[in-house]
Each structure stands twice: as C-alpha cells, then as structure tokens.
Amino acid sequence: MKKQVVLYKKLSALLMARLHEQAEVTLIESLDADGLARLRDALPRAHGLLGASLKLDAELLDLAPDLEAIASVSVGVDNYDIDYLTERRILLSNTPDVLTETTADTGFALILATARRVVELANMVRAGQWSRNLGPAHFGSDVHGKTLGIIGMGRIGEALAQRGHCGFGMPVIYHSHSPKPAVEQRFNAQYRSLGELLQQADFICLTLPLTAETERLIGAEEFALMRPQSIFINISRGKVVDEAALIEALGAGRIRAAGLDVFEREPLNLDSPLLQMDNVVATPHMGSATHETREAMARCAVDNLLAALAGERPANLVNPSVWKD
Ligand SMILES: NC(=O)c1ccc[n+]([C@@H]2O[C@H](COP(=O)([O-])OP(=O)(O)OC[C@H]3O[C@@H](n4cnc5c(N)ncnc54)[C@H](O)[C@@H]3O)[C@@H](O)[C@H]2O)c1
Ligand SMILES: O=C(O)[C@H](O)CO
C-alpha cells in the first residue's frame, strides 16, 4: 500500500507527478487558518511531511502517530524540535548545497545595495528628486578592497568569501566554531575572535544557523564594538540578532547601514522602525528565492522524503542517530 504524504508547499507539476507515483498525496496549498485546519486533519494519516516555514512543534507532531519522515524544503532547521523528532525516531532531512550560491548572491546584493545606497537613490529618481548631479550627501562607500567579515564560515559563508576575495579584492576575516585552514588558503582568509571581527570588519555578515547557542548572539554589546562606517548584513535568521539593539545602533549612528533578509518576526511588520530608515535595505527572506534554486530545493526534498519512506537513508539526514543500518 502507498504511504501517505502531506505537502504543505506546492511543488512543480514534474515533482508532484513523481510524488503521486510513489505515495498518496494531500496538498495543503497555503498555511492560512483554513490550511492549518486541513493540515491538522491530515496529520493522523501521515507517514511523510514535506514543506517549509512552519514551526512543527510537539503539539502538531503528536497528531501524527505514524509519522516516519519530514523533508524540510530549507537548509535551516530551526523550525523543528530535533530532540523530540529523534526521540520519536522520525527522520528529518533538509536541502543544503543546492541553495548555497544563490543565497550568497543575495548576501552580496545586500552588501552592494547598502554600501552604494542603491535602493535609496533609485527611489529618489523614481520620486522625481534627481534634479542635479549627486554631491557628497548622496555618496556611498566602496565595496572593493574593504574588509569582509563573515560570522559562520560554512557553505554560504565560504561562497560569500569567494565572491568578496575573487570578485572584489576584499580581505576576508571570519569567525566560526573553529579555524578552517582550507578556507584560509583558498581566500587568504584570517580567523578572528568574534570581538576582533566586529571591531575590524567593514562588512559584518551573518551566515550561521539559529540555534540555542546563536540566538541573540549579536546585541547591544556587539553593536557597540562595531565602527560607525561598518555595514551589518544578516542573511541567516532574524533571531540571531537582538532587533531592538540593531534599531538602536542604526538610530544612534553606531553603524552606517544594514542589509537584512531575515527578521525576528516574519513577515516584517509595516510599523517596524527599520522601514523608516534610508540606510536599511530590507528584503523578504528571499535568500534562495530564484526559480532554479527553489526547484532544486524542492527536488532535493522530494528525493529525501521518498528515500526515507522507501527505507533508504536520505542523503541529507539531519538527525543521523535515528538511522539504523
Ligand atoms: N536568507 C535565506 O533565505 C537563507 C537561505 C539559506 C540559508 N539561510 C540560513 O543560513 C544558515 C547557514 O547555512 P549553511 O548552509 O551555510 O550552513 P552551514 O552549516 O554550512 O554553516 C554554518 C556555519 O556556522 C558555524 N556556526 C554555527 N554556530 C556557530 C557559533 N555559535 N559561532 C560561530 N560559528 C557558528 C558552523 O560551524 C558552520 O561553519 C542556515 O542555517 C539558515 O538559517 C538563510
Ligand atoms: O533555510 C533556508 O533554506 C532558507 O531560509 C530558505 O527558506
């Protein structure tokens, strides 16, 4: 008998057809109140779940006694209680690698947009306020040759370092759990303590996961170490930053600008002070949002889920202790 799969993310026709061949599929098209009610109804029959952007807590998981596997269409797994999944012997998989380059592109887009004031000046043109040649009040700052600071030197951090080093001649400094000699060799990068990096980098970029250890890693004390010309970029998770402290630092001129793809609460509320600041470029958690990459992530998640339900080890298993050969 086919296994029951609940999707809470719509997939391409090609991937839907693949899933339908192998499983009985229930599709929850959106996670509004109606969709969530349908999800709760479907969970008691589910062997597999596939989707993203939903906090799957113990209360929801307890509705699914037969659940064997969850395939997250994301590399970040902060929406899951991994200990609880492991205790229940539910396999959790994610989608690393396929989104690395695209997310690093987004990081670099934010670096360029903030330093060169792209959004602010483009809005000025649109508003009919371009009446004479630009003067110093509208000048930005250079990107090439400036020091790129990366916090969390993993896949995306490395891809960002490559762009900075090879494309823009930027000295790269980084902070991570431990030094990475291969990365240092490839990009002439140098390891720094967190405090040293915050004091020395022109661009401070967050590319680490949200965990108990990294939640609010960057707060008032950390912003106080940055320099007035520093630009802060967050493409990891909003909760790694104390957002009130960020707003305070921007407001007080303790840092020059911020490029933010992620926020404490998403979608970002329209009344956030961040949206009143010309030196903030805010994007809607679009790090991996290209047609090609989202399809690759979905394909990866489908592969992971179908493998798990067929009794094979998924390629991107997050909680390997559940697996028994
Ligand atoms: N904005 C987006 O749309 C988007 C897209 C993809 C990924 N992300 C986020 O980026 C994160 C990183 O993805 P990745 O594929 O590069 O992951 P990765 O695991 O390859 O890299 C993360 C790095 O951070 C380091 N790290 C973790 N905790 C640390 C700490 N406390 N101090 C210092 N370093 C620490 C790890 O050692 C690792 O090197 C994801 O977990 C996700 O939250 C966001
Ligand atoms: O973690 C991820 O993969 C990104 O945030 C996209 O959802």
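In this text, all values refer to a predicted model and were calculated from it rather than measured experimentally. (Residues numbered from 1 in each chain as written. Chains lettered and ligands numbered in written order. Predicted model: local features only at pLDDT ≥ 70, side-chain atom pairs only at ≥ 80, totals over all residues. Heavy atoms only, no water.)

A. Region of the structure containing the packing of helix α5 (residues 100-115) against helix α7 (residues 155-168). α7 packs onto α5 with a crossing angle of 55° between their chain directions and a minimal axis gap of 8 Å. Between α5 and α7, the angle falls in the class oblique. As for how α5 packs across α7, the hand of that crossing is right-handed. Contacts between α5 and α7 involve T100, E101, T103, A104, D105, G107, F108 and L112 on the former and, on the latter, R155, I156, A159, L160, Q162, R163, G164 and F168. Taken together, the residues of the contact of α5 with α7 sort by class into seven nonpolar, five polar and four charged. (Axes fitted to C-alpha atoms, helices over the stretch in contact; angles between N-to-C directions. Helix = DSSP H or I, 4+ residues; strand = E, 2+ residues; numbered from the N terminus. Parallel < 35°, antiparallel > 145°, perpendicular 65-115°, else oblique. Left-handed = near helix turned anticlockwise from the far one by under 90°. Contact = heavy atoms within 4.5 Å. Nonpolar A, V, L, I, M, F, W, Y, C, P; charged D, E, K, R; others polar.)

B. Representation of the pattern of salt bridges in the model. All told, the structure shown has 13 salt bridges when counted by the stated rule. Put simply, D105 and R163 hold a salt bridge, and the shortest N to O gap is 2.8 Å. Separated by 58 residues along the polypeptide, D105 in helix α5 and R163 in helix α7 bring together distant segments of the chain. Given the relative accessible area of 42%, D105 is considered partly exposed. The residue E248 makes a salt bridge to R254 at a minimum N-O spacing of 2.2 Å. For E248, a relative accessible area of 47% puts it in the partly exposed group. By sharing partners, the salt bridges in this structure join E101, D105 and R163 into a single network. (Salt bridge = Lys/Arg side-chain N within 4 Å of Asp/Glu carboxyl O. Buried < 20%, exposed > 50% of the residue type's maximum accessible area, 1.4 Å probe, protein only.)

C. Looking closely at unusual backbone geometry. For the bond running from E266 to P267, omega is -5°, close enough to zero to count as cis. With a phi angle near 60°, R89 is a residue other than glycine that sits in the positive phi range. Relative to the assigned elements, R89 resides in the loop between α4 (82-87) and β5 (91-93). Since its relative accessible area comes to 41%, R89 is described here as partly exposed. You will see that R117, though not glycine, has its phi angle at about 55°, which is positive. Tracing the backbone through its elements, the reader meets R117 in the loop between α5 and α6 (118-126).

D. Quick look at the nonpolar core. In this structure, L7, L11, L50, I111, L148, I150 and F203 are the most contacted members of the largest nonpolar core, which totals 54 residues. Apart from residues no more than four positions distant in its own chain, F203 is found in contact with I111, A115, D142, V143, K146, T147, L148, G149, M170 and I231. Core analysis: the second largest hydrophobic core is formed by 27 residues, L206, F223, A249 and A258 among them. (Core = buried A, V, L, I, M, F, W, Y, C linked by side-chain atoms within 4.5 Å.)

E. Spotlight on the site of ligand 1. What surrounds ligand 1 is a group of 26 residues, the closest being R155, I156, I235, D261 and H285. At 3.3 Å from an oxygen atom of ligand 1 is found a side-chain nitrogen or oxygen belonging to R237. Expressed as a share of its isolated accessible area of 860 Å², the protein-covered part of ligand 1 is 88%. Looking at the shell around ligand 1 residue by residue, the class counts come to eight nonpolar, 13 polar and five charged. (Near = heavy atom within 4 Å. Polar contact = N/O pair within 3.5 Å; in protein donor to acceptor, adjacent residues only side chain to side chain. Areas by Shrake-Rupley, 256 points an atom, 1.4 Å probe, with all protein chains shown as cover.)

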